[in-house]
Amino acid sequence: MDLEKGPREEPGGEGRLAVALRMPVRIVVLVLVVPVRMVWDALVVAGRFLGDRVFRPVGRALLWVGRAVLVWPFVALWRWVLVPLWRWVLVPLWRWVLVPLGVALRWLGTVLVVVPAAALYRWVLTPLGHAAVWFCARVLTPLGRGLFVVPAVWLYRWVLTPVGHALLWCGRGLAWLGSLLVTGIGTALYWTVRVLVVLPVYAVWRRLLAPVGRALAVVAREVGAAFGHAWRIAGYILLAVGRALAVFFRWTLVEPARRVYRTVLTPVGHVVRDAVLRPVAEAARSVGRVTRDALRSVRVTARQVRRDVRRALGMPAGPAGIGRRERRPAGR
């Protein structure tokens, strides 16, 4: 928690600036960061509570609803509609209708289109092509060579070639002249820009912007280190405050409630249990036993009356085991 803890600076301008800025910057940042850290910790606790108590159950409910609305209907549609439709309708239709229909159409296409086209190509188009090739080779080629090729070769050799050489020489001269002009203009522009722009900018950068940048870098580094130290110190402060509040609530609420429960409510509960609840339970069990014995006596009396009535009417008295069940002791 030492505010001075941090990397040591080398002796110099930047080191003295950092030492001069470190303590006030860290104090100001600590004062600004403590409320932010308190708000941040409160938001973290609230977010965890909402995530555990609200968002997670709501997410599970939405997941179940999404499955019930989006997944299960499509699964049922796939399993009970599409798969049986494909298996029992589309596959037999493809196998027993479309495949034979395709075979028949292929045979008709072969008979009606391919065979006539092959015959036309073999007996009509091929002889016409051979005749056209012979005509071109025997008539058109010598005629074109005499009318076009020989004059074109003479024109290229004795007219176009010398003119092209002359134009090439002129182009080379113009290119050399242009390169000379561009080089001179480029050199002049280079020295002009260097003298008027580069050297002043370099001087401003070296004498002004670089020292200011180093100073700003030192300030930014110290502010960042101050924020880090302040954040950690705020955590320690809030931890100590939380522990103090926990101890306060423990000795003001929890401990008195625990002592009241131990010294007052527990003895009262024991007295109520021993003086009220147990006698009431014993009385209820006694009433239950008396009631069961009375019902058992009523059942035995009814069986005896029914047996006497059967004997008086001359009917069989019933199985021999009834008497033994009637004479069974009541406690068993």
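Remember, it's a predicted structure, so these values are computed and weren't measured experimentally. (Residues numbered from 1 in each chain as written. Predicted model: local features only at pLDDT ≥ 70, side-chain atom pairs only at ≥ 80, totals over all residues. Heavy atoms only, no water.)

**Q** Before we move on, could you go through the overall build of the protein and cite the residues and values that matter?
**A** Broken down by element type, the protein carries two helices and zero strands. Burial statistics for the protein: of 332 residues in total, 8% are counted as buried. Within the protein, contacts between residues at least 6 apart in sequence are counted, and of these 61% link residues at least 24 apart. (Helix = DSSP H or I, 4+ residues; strand = E, 2+ residues; numbered from the N terminus. Buried < 20%, exposed > 50% of the residue type's maximum accessible area, 1.4 Å probe, protein only. Contact = heavy atoms within 4.5 Å.)

**Q** Account for the nonpolar core, naming residues and giving values.
**A** Among the nonpolar cores identified, the biggest contains nine residues, and these are V25, V29, L30, V33, V34, A226, A230, I233 and A234. Residue contacts for V25: discarding those within four places in its chain leaves E222, V223 and A226. (Core = buried A, V, L, I, M, F, W, Y, C linked by side-chain atoms within 4.5 Å.)

**Q** Could you give an account of the pattern of salt bridges, with specific residues and numbers?
**A** Applying the stated criterion across every chain yields a total of seven salt bridges. Note that R56 and D52 form a salt bridge whose closest N and O atoms lie 3.5 Å from each other. Placement of both R56 and D52 in helix α1 (residues 13-312) is noted, with a separation of four residues, approximately one turn of the helix. Classification of R56 by relative accessible area gives partly exposed; the value is 47%. In this structure, R285 engages E282 in a salt bridge whose closest nitrogen and oxygen atoms are separated by 2.3 Å. Residue R285 and its partner E282 are both found in helix α1; the two are separated by three residues, about one turn of the helix. Given a relative accessible area of 42%, E282 falls into the partly exposed group. (Salt bridge = Lys/Arg side-chain N within 4 Å of Asp/Glu carboxyl O.)

**Q** Give me the confidence of the model for the protein: which residues, what numbers.
**A** Of all residues in the protein, 89% have pLDDT values of 70 or greater, and the mean over the chain is 82. Residue range residues 1-13 is modelled with pLDDT below 50. Its contacts to residues more than four positions away, or to other chains, number 21 contacts. Ignoring residues within four places in sequence, the model shows residues 320-332, a span with pLDDT below 50, making four contacts including any to other chains. (pLDDT = per-residue confidence, 0-100.)

**Q** So, the environment of V25: which residues are in play, and what are the values?
**A** Mapped onto the elements, V25 comes out in helix α1. Sequence-wise, V25 and F227 are 202 residues apart; in three dimensions their C-alpha atoms are separated by 9.1 Å.

**Q** Give me the lowdown on the packing of aromatic side chains, citing residues and values where you can.
**A** Across all of its chains, the model carries three aromatic pairs by this definition. Here the aromatic rings of W64 and W72 are separated by 6.0 Å at their centres, their planes lie at 85°, and the arrangement is edge-to-face. For W64, a relative accessible area of 52% gives the class exposed. Take W72: its relative accessible area is 44%, and that puts it in the partly exposed class. Taking NZ or CZ as reference, R250 lies 5.7 Å from the ring centre of W251, over its face. (Phe/Tyr/Trp six-rings, centres within 6.5 Å; stacked < 30°, edge-to-face > 60°. Lys NZ or Arg CZ within 6 Å of the ring centre and 35° of its normal.)

**Q** Hey, could you go over a positive patch on the surface for me, with residue numbers and the actual values?
**A** A contiguous patch of positive charge on the surface is contributed by R299, R303, R306 and R310. Inspection of the secondary structure assignment puts R306 in helix α1. Residue classification places R306 among the partly exposed residues on the basis of a relative accessible area of 44%. (Patch = residues over 30% accessible without salt bridge, like charges linked within 9 Å, V, L, I, M, F, W, Y side chains within 5 Å. Areas by Shrake-Rupley, 256 points an atom, 1.4 Å probe, with all protein chains shown as cover. Lys, Arg positive; Asp, Glu negative; His and termini not counted. Charge placed at Lys NZ, Arg CZ, Asp CG, Glu CD.)

**Q** Tell me about the environment of R194, and name the residues and values.
**A** Assignment of secondary structure puts R194 in helix α1. When residues no more than four places from it in sequence are discounted, the contact partners of R194 are L199 and P200.

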